[in-house]
Amino acid sequence: MQQVTIYSKSWCPFCVRAKSLLQAKKVAFQEIDVEKEPTRLAEMIQQSGRRTVPQIWVGDTHVGGCDDLFALESAGRLDSLLAG
């Protein structure tokens, strides 16, 4: 199973939705709250080129945001990405 990292904010409904999908699939993930760790926001922007949360990585693959995660799931490609 690939390591999953999600940059988020506690009040963000898209972050909650993305985390809920991962939890439903029983996928452990590292969550980085960019409000609690503001220096990590710049890191997220540099790595993703995006300013919005969530930003999700599966291993070294940048998935994108919540809609991107759900698009992978709908296309039947998320499980194979998670498996590595």
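Residues numbered from 1 in each chain as written. Predicted model: local features only at pLDDT ≥ 70, side-chain atom pairs only at ≥ 80, totals over all residues. Heavy atoms only, no water.

### Brief notes about the side chain of Ser48
To keep it simple, the criterion reads: Put simply, DSSP marks the helices as runs of H or I at least four residues long and the strands as runs of E at least two long, and each gets a number from the N terminus on. Under this definition, polar contacts are N or O atom pairs within 3.5 Å; protein pairs additionally need one hydrogen-donor-capable and one acceptor-capable atom, and for neighbouring residues in sequence, both atoms have to be side-chain atoms.
Here Ser48 lies in helix 2 (residues 39-48). Within polar-contact distance, the side chain of Ser48 engages the backbone oxygen of Met44 at 2.8 Å. In this structure the side chain of Ser48 is engaged in a polar contact, spanning 3.0 Å, whose partner is the backbone nitrogen of Arg50.

### Notes on the sheet that holds strand 3 (residues 55-58)
So the rule is basically this: Only when DSSP finds a minimum of two bridges between them are two strands counted as paired. As a rule, the C-alpha atoms of each element are fitted with a line to give its axis, helices using only the stretch in contact, and angles between N-to-C directions run from 0 to 180 degrees.
If you walk across this open sheet you meet the four strands as 2-1-3-4, and the pairing is mixed. If you trace the sheet from one side to the other, it starts and ends with strand 2 (30-33) and strand 4 (61-64), each paired once. Direction aside, the axes of adjacent strands within the sheet are offset by 20 degrees on average. Two elements, strand 3 and strand 4, share three bridges in a ladder whose sense is antiparallel. Within the sheet, the bridge partner assigned to Ile56 lies in strand 4 and is Gly64.

### Here's the deal with the pairing of strand 1 (residues 4-8)
Here is the rule we go by: Think of it in three bands: with a 1.4 Å probe and only protein chains considered, a residue is buried below 20% of the maximum accessible area for its type, exposed above 50%, and partly exposed in between. Here is how to tell: hold the view so the strands point away, follow the path from the first strand over the helix to the second, and if it runs clockwise the crossover is right-handed.
In terms of burial, strand 1 is a largely internal element, five of the five residues being buried. Side chains Val4, Ile6 and Ser8 project from strand 1 onto one buried face, and the interleaved Thr5 and Tyr7 project onto a second face that is buried too. Pairing of strand 1 with strand 3, which is carried by four bridges, proceeds in the antiparallel orientation. Considered in strand 3, the bridge of Tyr7 is made with Gln55. Pairing geometry for strand 1 and strand 2, over four bridges, is parallel. Counterpart to Tyr7 in the pairing with strand 2 is Ile32. As for the winding sense of the linkage, the β-α-β connection from strand 1 through helix 1 (residues 13-24) to strand 2 is right-handed.

### Regarding the pattern of salt bridges
Any two side chains of opposite charge can pair, on the condition that their charged atoms come close. The condition that has to hold: What counts as a salt bridge is simple: a side-chain nitrogen of Lys or Arg found within 4 Å of a carboxyl oxygen of Asp or Glu.
One pass over the structure, following the stated rule, counts six salt bridges. A salt bridge links Glu37 to Arg40; the shortest N-O distance between them is 3.4 Å. Between Asp68 and Arg50 there is a salt bridge; the shortest N-O distance is 3.0 Å. Of this pair, Asp68 sits in helix 3 (residues 66-74) while Arg50 sits in the loop between helix 2 and strand 3, placing them 18 residues apart in sequence. Given a relative accessible area of 34%, Arg50 falls into the partly exposed group. One salt-bridge network, in which partners are shared between bridges, spans Lys25, Glu73 and Asp79.

Bear in mind that shape data such as this cannot, by itself, settle questions of function.
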